[in-house]
Amino acid sequence: MSIYLSLKEVWRNKGRFFLFSMVIALIAVLVLFTAGLGEGLASANKEYLEKLDATLLVFQEGTDYSTIESRLDYQKVKRVQRVDGVAAAGPIGFSNLEIVLDEGLDSVDVSFIGVEVGKPGLPAPIIGETIRSRQSKVVMIDQRIAETANIGIGDYITVKSTQGTDDKFYDLRVTGISDGQQYFFQPSIFVSLAIWDKYRPKADANIYSSRPVTNVIAVQLEDPNAVENITQLIPAMVKDVEVSDIKTAYESAPGYSAQQNTLNTMKAFTFLIGVLVIGGFFQIQTLQKVPQIGMLKAIGTPNPVVAVASILQIIFVTIFGVALGGLAVLGLVLGMPSSVPILFTGTSVLIAVGSLLLIGPLGGLVSIRVALKVEPLTALGM
Amino acid sequence: MKNEIILETKNASKIYDSNGLVVKAVDEVNLQVKAGEFLGLVGPSGSGKTTMLAMLATLLRETEGSLLIDGQDLGSMSDTQRTKFRREKIGFTFQSNNLVPYLTALENVELMLKLNKKNGRKSREKAISLLTRLGLADRMDNLPAQLSGGQQQRVAIARSLIHDPSVVLADEPTASLDTERANQVVQIFADLIHEGNRAGIMVTHDLRMCKYVDKVVQMVDGKIARVITNRDEINLLAGTSEFDKLPKKAPVKEEALPVTGLFKANLSPAFVGN
Ligand SMILES: Nc1ncnc2c1ncn2[C@@H]1O[C@H](COP(=O)(O)OP(=O)(O)OP(=O)(O)O)[C@@H](O)[C@H]1O
Ligand SMILES: [Mg+2]
């Protein structure tokens with residue numbers, strides 16, 4: 001009976017309910033985009049670390065797990081390697097530089113990452129070969145760069161590095177292409193640590209430094225369950241270091257949590273606006289329907305039927321609106337350039353859609369209360 | 001069964017007490033309506049007609065006395081029982097806002113059967129034939145907004161009768177209709193009550209509508225002031241549009257309260273709807 005009444009009402013007022021579904025659809029678009037943006041930005045921030053073939057990261061003590069601040073003496077790699085339970089330890093150096101493209105094309109900013117050949121830190125290539133030699137001037141590049149700059153295996157790229165007051169240009173041969181490996185909002189290119197130390201931008205004084213310095217050390221464990229144990233053990237065995245798991249590391253990246261909190265606040269507010277808008281709309285609509293609801297009750301319609309009918313109606317409209325919004329987002333995303341940092345993962349979409357579907361019933365609670373409280377006597381004008 | 005008493009009130013009273021203002025809207029009313037009997041309830045504004053009807057429709061609980069329909073004491077039922085009783089045993093036509101705006105004429109009538117868990121082709125055919133009887137054969141698929149006031153009231157009447165209720169109540173069903181339409185509507189209403197052997201009560205301000213009823217009960221200040229059963233007297237009442245002529249023409253019965261002044265004061269606005 002409730003289904004009958006609510007379906008008839010929605011159907012006979014298609015126009016009005018459709019318009020209202022559009023409002024819900026727009027709210028859904030907003031929420032989904034904010035969710036996608038959150039995921040996208042987070043991923044742009046942490047993609048490389050998240051995909052890293054290691055369990056723990058070693059930092060310089062007192063740097064709060066910040067990859068940029070941390071400086072580690074190369075000797076520390078060997079010491080970490082010797083700690084019981086460590087399967088492999090690989091130094092990683094982070095820097096930034098530009099790839100210079102042919103005339104007329106903008107250069108591409110990239111994360112310039114130096115890794116130890118054969119140690120954790122270097123992603124597996126999806127095309128071509130990995131880096132095998134410490135000294136050869138080869139590079140592995142992120143798929144994204146390969147696509148945007150149209151670079152293939154065997155091509156040479158020129159990187160521009162500012163060292164001291166000079167702009168230096170170096171050529172590197174592309175040996176392999178990895179999957180997406182963004183770090184700090186930039187796609188990455190990988191070279192051996194020796195090449196990295198030579199080519200990276202640096203201040204004058206360091207140019208002739210003979211002792212290579214890295215930022216962090218990636219650690220693989222012999223026993224994946226020994227995470228806590230080894231996290232304690234390394235600082236005990238090696239001086240002046242701190243250790244974290246990968247997740248803690250990217251969550252401590254500067255701005256990461258601030259950014260995610262901002263986006264979560266936006267999501268929460270959009271959600272709240274949704275609840276209020278829907279609540280307001282249905283309450284006004286229910287208030288307008290008071291005489292009619294009174295009449296229905298006066299001819300013997302049970303209270304639950306009236307209440308369920310009004311909630312069902314809200315649910316129909318919400319589902320329709322969210323579906324509409326979902327389709328719109330899908331269309332928009334398909335037509336969007338890949339540079340936009342929007343990413344939809346299964347869970348974030350599920351959570352967003354789930355909460356969107358709650359908007360309607362939550363907003364409708366007030367109008368159900370109104371509907372329930374209507375006295376059948378109103379039908380008699382009393 | 002004809003002549004069986006279907007509806008009965010015993011010293012029924014309703015006292016409103018809102019913020020210390022006590023109003024005895026219905027004052028020890030004794031009323032009986034038989035199967036197949038159509039009763040007209042008249043009286044000045046505020047005399048308690050709607051209150052009386054609301055109590056009979058189980059929409060309002062009596063303060064004192066008792067009301068019985070089909071031998072069942074309305075006061076002894078729980079609210080849920082009253083709701084069920086209302087949709088099974090009572091048909092109601094209101095002054096306005098009778099119909100569900102998003103249901104067609106036919107669906108509005110069927111609604112009453114659906115509420116009583118009667119679905120299907122038989123129900124539909126029954127609703128169609130009743131609407132046809134009421135002259136709405138080509139209006140069944142119209143929404144209320146597409147119907148005239150008279151047509152809407154006829155749909156409402158169909159809805160109040162479709163589920164074979166024992167009691168049919170109507171509160172000023174013709175208030176928004178012109179005289180011609182009002183006559184059409186009430187005449188067919190009366191016919192259907194008589195044919196179906198139901199107990200019918202219609203509250204009206206339009207005395208001319210009394211020519212279709214079998215008995216006129218006049219209320220004043222919550223009490224029954226007069227009961228007219230004589231056909232000639234009813235017709236006489238229905239024939240006059242000005243009430244104050246009444247006492248001169250109609251011989252006053254014992255049961256009436258022959259307070260002429262009161263009559264004049266209370267009954268002259270015979271066409272004032274509310
Ligand atoms: N909810 C209420 N609260 C308090 N007093 C009420 C209430 N409803 C009605 N009354 C009073 O009860 C009395 C009877 O009202 P009722 O509506 O039954 O009269 P009526 O005969 O139907 O009048 P009308 O012809 O104007 O419709 C009036 O004095 C009215 O003011
Ligand atoms: Mg009234």
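See above for the structure.
Quick summary incoming for the structure in this document.

Each value, and the rule that gives it
Residues numbered from 1 in each chain as written. Chains lettered and ligands numbered in written order. Predicted model: local features only at pLDDT ≥ 70, side-chain atom pairs only at ≥ 80, totals over all residues. Heavy atoms only, no water. Helix = DSSP H or I, 4+ residues; strand = E, 2+ residues; numbered from the N terminus. Buried < 20%, exposed > 50% of the residue type's maximum accessible area, 1.4 Å probe, protein only. Contact = heavy atoms within 4.5 Å. Areas by Shrake-Rupley, 256 points an atom, 1.4 Å probe, with all protein chains shown as cover. Salt bridge = Lys/Arg side-chain N within 4 Å of Asp/Glu carboxyl O. Polar contact = N/O pair within 3.5 Å; in protein donor to acceptor, adjacent residues only side chain to side chain. Pairing = 2+ DSSP bridges.

## Some thoughts on the overall build of chain B
A tally of helices and strands in chain B yields nine helices and ten strands. Within chain B, the fraction of its 274 residues that count as buried is 55%. Within chain B, counting contacts between residues at least 6 apart in sequence, those at least 24 apart form 70% of the total. Accessible surface, chain B as shown: approximately 11700 Å² in total, 48% of it carbon and sulfur.

## What to know about the interface of chain A and chain B
Contacts between the two partners involve 22 residues from chain A, matched on the other side by 27 residues from chain B. Scanning the region where chain A abuts chain B turns up two salt bridges. Across the pair E107 of chain B and K8 of chain A runs a salt bridge, and its minimum N-O distance is 2.6 Å. Where chain A touches chain B, the interface holds six residue pairs in polar contact (both at pLDDT 80 or more). When residues of the side of chain A that touches chain B are traced back to their parent elements, those giving at least two are α1 (2-12) and α9 (290-298) of chain A. Ranked by residue count, the leading element in the side of chain A that touches chain B is α9 of chain A, at six residues.

## Side note on the pairing of strand β6 (residues 138-142) of chain A
All names here are of chain A. Most of β6 sits inside the fold, with five of its five residues counted as buried. The pairing of β6 with strand β8 (residues 166-178) spans five bridges and is parallel. What sits directly across from V139, in β8, is V174. Both β6 and strand β9 (residues 188-192) contribute to a ladder of two bridges, which runs antiparallel. Following the sheet pairing, I141 is matched in β9 by I189.

The values reported here are purely geometric and, on their own, carry no functional implication.
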